[in-house]
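A structural walkthrough
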Amino acid sequence: NLGLNLIEKAGCFGCHVIDKYKVWPKVGPDLTPLASKTTPEWAYRWIADPRSFRHNTWMPSFFGQSNTSDPESLQRTQQEIHAIVYYLFAKSSPFPLKTMPNRGDSQKGEEIVASIGCFGCHQIQTEKTETPTTRDSLRREQGPNLIGVGTKTTKPWLYNWLKDPSRYHPETKMPNLRLTDQEAADAAAYLSSLKDGNFLKRPVPPIEEGVVNGIVREFWMKSASGAEVQQKLSQMTT
């Protein structure tokens, strides 16, 4: 049973065929309205190393592995992440955010978050723990660790999310807590104050057109001559 719970939490069926989960939704959130929630810089840092932001995230680390840690691979990896970020934000659909009634009171917001049941599904856990995973602990992780959430997104986005989660993500498990406008503003003010300065200091390398050209050239060389590849490259923007 614990194994089944772990498979469901980790989303193993996203890559592997398991009959039981053929009709299950993806475990990750819908990325369509991503640009309204965060910035390309945050997305780059997150993709490059998810655990540098949230130590107990279930998001896997695709980059920075032992077989891609040599200087040439790192150069390529940086440009591949830039490409992923560019794609995600280019394809992002606008999400209209409703105006907050006021700036909100962070102190009152902390009291609201502690009293309306947020910690039934969420944690604000800043330190790594060695506690073994159990079925009960998995139930406490229905929602992500809220550490540093104010670094990830904005106060207006948090306000809109708290007022009506399914408006942003129809498949979300997050319930509508029926907060008043003021309660949502106060809770958003508190959550937006949870910052991770160290994450923001992580450098985002520049786009290197030469490396990008090399990646594209390598791809095209599988089906075209060197002259044809050079012509295609000359007609493409970065």
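Every chain begins its residue count from 1, and numbering advances along the sequence as written. Restriction of local features to residues with pLDDT of at least 70 applies here, the model being predicted, together with a cutoff of 80 or more for giving and counting side-chain atom pairs; totals for whole chains, interfaces and linings are based on all residues. To obtain the side-chain values, all non-hydrogen atoms of the structure were used and water was disregarded.

We now examine the packing of helix α11 (residues 209-220) against helix α12 (residues 226-234). Look at α11 against α12: their axes get within 10 Å of each other, and the N-to-C directions meet at 135 degrees. By the criterion of interaxial angle, the relationship of α11 to α12 is oblique. Crossing of α11 against α12: the hand is right-handed. Facing α11, whose interface residues are Asn213, Val216, Arg217 and Trp220, α12 presents Val229, Gln230, Lys232 and Leu233. All axes are obtained by fitting lines to C-alpha atoms, using only the stretch in contact for helices, and the reported angles, taken between N-to-C directions, cover 0 to 180 degrees. Think of it this way: any DSSP run of H or I at least four residues long counts as a helix, any run of E at least two long counts as a strand, and we number them from the N terminus. To sort the angles, those under 35 degrees are grouped as roughly parallel, those over 145 as roughly antiparallel, those from 65 to 115 as roughly perpendicular, and the leftovers as oblique. A crossing counts as left-handed when the near helix is turned anticlockwise from the far one by less than a right angle, and as right-handed when that turn is clockwise. The criterion used for residue contact is that any of the two residues' heavy atoms lie within 4.5 Å.

Quick look at the confidence of the model for the protein now. Across the chain, each position has a pLDDT score giving the predictor's confidence in that residue, from 0 to 100. On average, residues of the protein score 92 in pLDDT, and 97% of them reach the 70 mark or higher. Mean pLDDT in the protein bottoms out at helix α5 (residues 135-139), which sits at 71, and peaks at helix α9 (residues 181-192), which reaches 98.

With that out of the way, let us pick up the nonpolar core. For our purposes a nonpolar core is just a set of buried Ala, Val, Leu, Ile, Met, Phe, Trp, Tyr and Cys residues, chained together by side-chain atoms within 4.5 Å. When accessible area is computed with a 1.4 Å probe and restricted to protein chains, residues below 20% of their type maximum are described as buried, those above 50% as exposed, and intermediate ones as partly exposed. Counting residues in each nonpolar core, the largest one holds 21 residues, and the members touching the most others are Val113, Leu158, Tyr159, Leu162 and Leu191. Of all the elements in the fold, those that place two or more residues in this core are α4 (106-115), α7 (155-163) and α9. Top element by residues in this core is α9. It accounts for six residues. By size, the runner-up hydrophobic cluster in this structure holds 13 residues, among which are Leu34, Ile47, Leu88 and Phe199.

The pairing test for Phe, Tyr and Trp rings, Trp by its six-membered ring, is centres within 6.5 Å, and the orientation test on the planes gives stacked under 30 degrees, edge-to-face over 60, and tilted for anything in between. Taken as a whole and assessed by the stated rule, the structure comprises 13 aromatic pairs. Geometrically, the ring pair formed by Trp42 and Phe53 is edge-to-face, given 5.3 Å between the ring centres and 85 degrees between the ring planes. Highlighted residues: Trp42 in helix α2 (residues 40-48) and Phe53 in the loop between α2 and α3 (71-90), separated in sequence by 11 residues. No difference in accessibility class separates Trp42 from Phe53, as the two residues are buried. Put simply, the rings of Trp42, Trp46, Phe53 and Phe199 touch in pairs and so form one group of aromatic residues. By definition, being over a ring means that NZ of Lys or CZ of Arg is both within 6 Å of the ring centre and within 35 degrees of the ring normal. The side chain of Lys232 reaches across the aromatic face of Trp220, ending 4.1 Å from its centre.

Each α-helix turn comprises 3.6 residues. Residues three or four places apart therefore point the same way. Expected span of a helix: the number of residues minus one, times 1.5 Å. Taking 1.5 Å of rise per residue, 20 residues should cover 28 Å, and α3 covers 29 Å from first to last C-alpha, within 8% of that figure. Where α3 is concerned, the buried positions are Ser73, Thr77, Gln79, Ile81, His82, Val85, Leu88 and Phe89.

The subject of this paragraph is the side chain of Lys37. Position of Lys37 relative to the elements: it lies in the loop between α1 (2-10) and α2. Buried Lys37, no salt bridge; nearest opposite-charge side chain is Asp30, N-O distance 11 Å. The residues contacting Lys37, other than those within four sequence positions of it, are Lys152, Thr153, Thr154, Trp157 and Tyr168. For the purpose of charge, His is not counted, nor are the chain termini; Lys and Arg are scored as positive and Asp and Glu as negative. Salt bridges are counted wherever a side-chain nitrogen of Lys or Arg sits within 4 Å of a carboxyl oxygen of Asp or Glu.

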